[in-house]
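# Coordinates in review
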Amino acid sequence: MAVRKVYVNLDAGEQKKKAFLSINPFGQVPIYEDGGIKQFESRAIIRCMAHEYGKKGEELIYWDAKEQAIVANWIDVEDHWFEPPAMKLIFEMVIKPKNGLAPDQGVVVEAEAKLGHVLDVYERQLSKFKYLASDKFTIVDVIHLPNLQSLMGMPAKKLIESRPRVRAWCSEILARPSWAKVLEMKHKAQAYAAS
């Protein structure tokens, strides 16, 4: 699959300009164009790419409706249960300090408790399967990668490391070569933005 990456300087507000807003009316990244399809929600983009470009035997989705329903359920779990407290922690512990602001410890404690509950559910789920939705690596695991990467670089990693199955799952998916390529692209984008 040939990909053309377009870097958007968020600090300069490029995502709020008319050309960008014609693709994503909310003025946020990512966006994805493929043929006549324009998408701007990351989970929708991942689903589309998994359906369109999945290689036989390496699909990130299931073609069977019942199996895919389980994957869809865990995508919603990530969206509604995992990401909100994870993003609160990342905002408080990474973004605020980068901007010279102190974390709100009350928010941190509350978010850690909520994320801990979610990870307890994950620990039980991972006692049944190697990955969250099944014994097969799927888009459910993929969508967790960015937040897991961030969480593992901050004190909140204790929430992951204290749960053996979650720790093993996290270590395994973060070590995937495809994720290393994503991180490489991220570093290039950051270098571009800094220039």
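Residues numbered from 1 in each chain as written. Predicted model: local features only at pLDDT ≥ 70, side-chain atom pairs only at ≥ 80, totals over all residues. Heavy atoms only, no water.

### Describing the overall build of the protein chain
Condition: For helices the rule is a DSSP run of H or I covering at least 4 residues; for strands it is a run of E covering at least 2, with both sets numbered from the N terminus onward. C-alpha atoms define the radius of gyration in this analysis, and the globule rule sets the expected value at 2.2 Å times the number of residues to the power 0.38. Working definition: with a 1.4 Å probe on protein chains only, accessible area under 20% of the residue-type maximum means buried, over 50% means exposed, and in between means partly exposed. The contact criterion used is simple: two residues touch if any of their non-hydrogen atoms lie within 4.5 Å.
Within the protein chain one finds eight helices and two strands. Starting at the N terminus and walking to the C terminus, you meet the elements of the protein chain as α-β-β-α-α-α-α-α-α-α. For 195 residues, the compact-globule formula gives about 16 Å, and the C-alpha radius of gyration of the protein chain, at 18 Å, lands near that figure. Judged by the C-alpha coordinates and their principal axes, the protein chain covers about 50 × 45 × 25 Å. Here the protein chain, with 195 residues, has 34% of them falling under the buried criterion. Intrachain contacts of the protein chain at a sequence separation of at least 6 include 56% that bridge at least 24 residues.

### Let's talk about the nonpolar core
To be explicit about the condition: Put simply, buried Ala, Val, Leu, Ile, Met, Phe, Trp, Tyr and Cys residues joined by side-chain atoms within 4.5 Å make one nonpolar core.
If you look at the biggest cluster of nonpolar residues, it comprises 38 residues, and the most contacted ones within it are Phe82, Leu89, Leu119, Tyr122, Leu151 and Trp169. For this core, the secondary structure elements donating two or more residues are α3 (65-98), α4 (105-125), α5 (139-151), α6 (157-161), α7 (164-174) and α8 (177-194). Among the elements that make up this core, the one with the highest residue count is α3 (eight residues). Excluding residues within four positions of it along the chain, Leu89 makes contact with Val94, Val108, Ala111, Glu112, Leu115, Leu151, Met154, Ala156 and Leu159.

### Points about the environment of Glu172
Here Glu172 shows up in helix α7. Residues Glu172 and Lys130, 42 residues apart in the sequence, show an inter-C-alpha distance of 9.9 Å. Leaving out residues up to four positions away in the same chain, Glu172 has contacts with Lys130 and Tyr131.

### Some thoughts on the packing of aromatic side chains
To be explicit about the condition: Whether two aromatic rings pair depends on their centres lying within 6.5 Å, for rings of Phe, Tyr and Trp, where Trp uses its six-membered ring; planes under 30 degrees apart make the pair stacked, over 60 edge-to-face, and the rest tilted.
Throughout the structure, instances matching the rule amount to five aromatic pairs. Both rings, one in Phe82 and one in Tyr122, keep their centres 5.9 Å apart while their planes meet at 15°; by these two values the pair is stacked. With Phe82 in helix α3 and Tyr122 in helix α4, this residue pair connects regions lying 40 residues apart in the sequence. Judged by its relative accessible area of 0%, Phe82 is buried. A ring pair is formed by Tyr131 and Phe137, whose centres lie 5.6 Å apart and whose planes are at 75°; its orientation type is edge-to-face. In this pair, the class of Tyr131 matches that of Phe137, namely buried. Every member of this aromatic cluster is reached through a ring pair, and the members are Trp74, Phe82, Tyr122 and Trp169.

### Brief notes about α3
Selection criterion: The angle between axes fitted to the seven-residue stretch ending at a residue and the seven-residue stretch beginning at it gives the bend at that residue. Pairs of N or O atoms within 3.5 Å make up the polar contacts considered here, provided that, within protein, one atom can donate a hydrogen while the other can accept it, and that residues adjacent in sequence are counted only when both atoms are side-chain atoms.
Of all the bends in α3, the greatest, near 45°, is centred on Glu83, and the proline Pro84 appears no more than four residues after it. Measuring from the backbone nitrogen of Lys66 back to the side-chain oxygen at the start of α3 gives 3.1 Å, which picks out Asp64 as the cap. Positive backbone phi, approximately 75°, marks Gly100, located one or two places after α3.

### Some thoughts on the pattern of salt bridges
Note on pairing: side chains with opposite charge can pair once their charged atoms come close. Keep this limit in mind: What counts as a salt bridge is simple: a side-chain nitrogen of Lys or Arg found within 4 Å of a carboxyl oxygen of Asp or Glu.
If you walk through the whole model with that rule in mind, you get 10 salt bridges. Through salt bridges with shared partners, a single ionic network connects Arg43, Glu78, Asp79 and Glu83.

### A closer look at the side chain of Gln39
Secondary-structure assignment places Gln39 in strand β2 (residues 37-39). Judged by its relative accessible area of 17%, Gln39 is buried. When neighbours within four sequence positions are excluded, Gln39 is seen to be in contact with Pro30, Ile31, Tyr32, Ala44, Ile45 and Cys48.

### Details of the packing of α5 against α7
Helix-helix packing is described using two parameters, namely the angle between the two axes and the distance between the axes. The condition is simple: Only the stretch in contact is used when fitting a helix axis, every axis being a line fitted to C-alpha atoms; angles between N-to-C directions are given from 0 to 180 degrees. Here the angle decides the label: under 35 degrees means roughly parallel, over 145 means roughly antiparallel, 65 to 115 means roughly perpendicular, and every other value means oblique.
The N-to-C vectors of α5 and α7 enclose an angle of 95°; their axes lie 10 Å apart at closest approach. One finds that α5 runs roughly perpendicular with respect to α7. The segment α5 lies against α7, with Asp141, His144, Leu145, Leu148 and Gln149 engaging Trp169, Cys170, Ile173 and Leu174.

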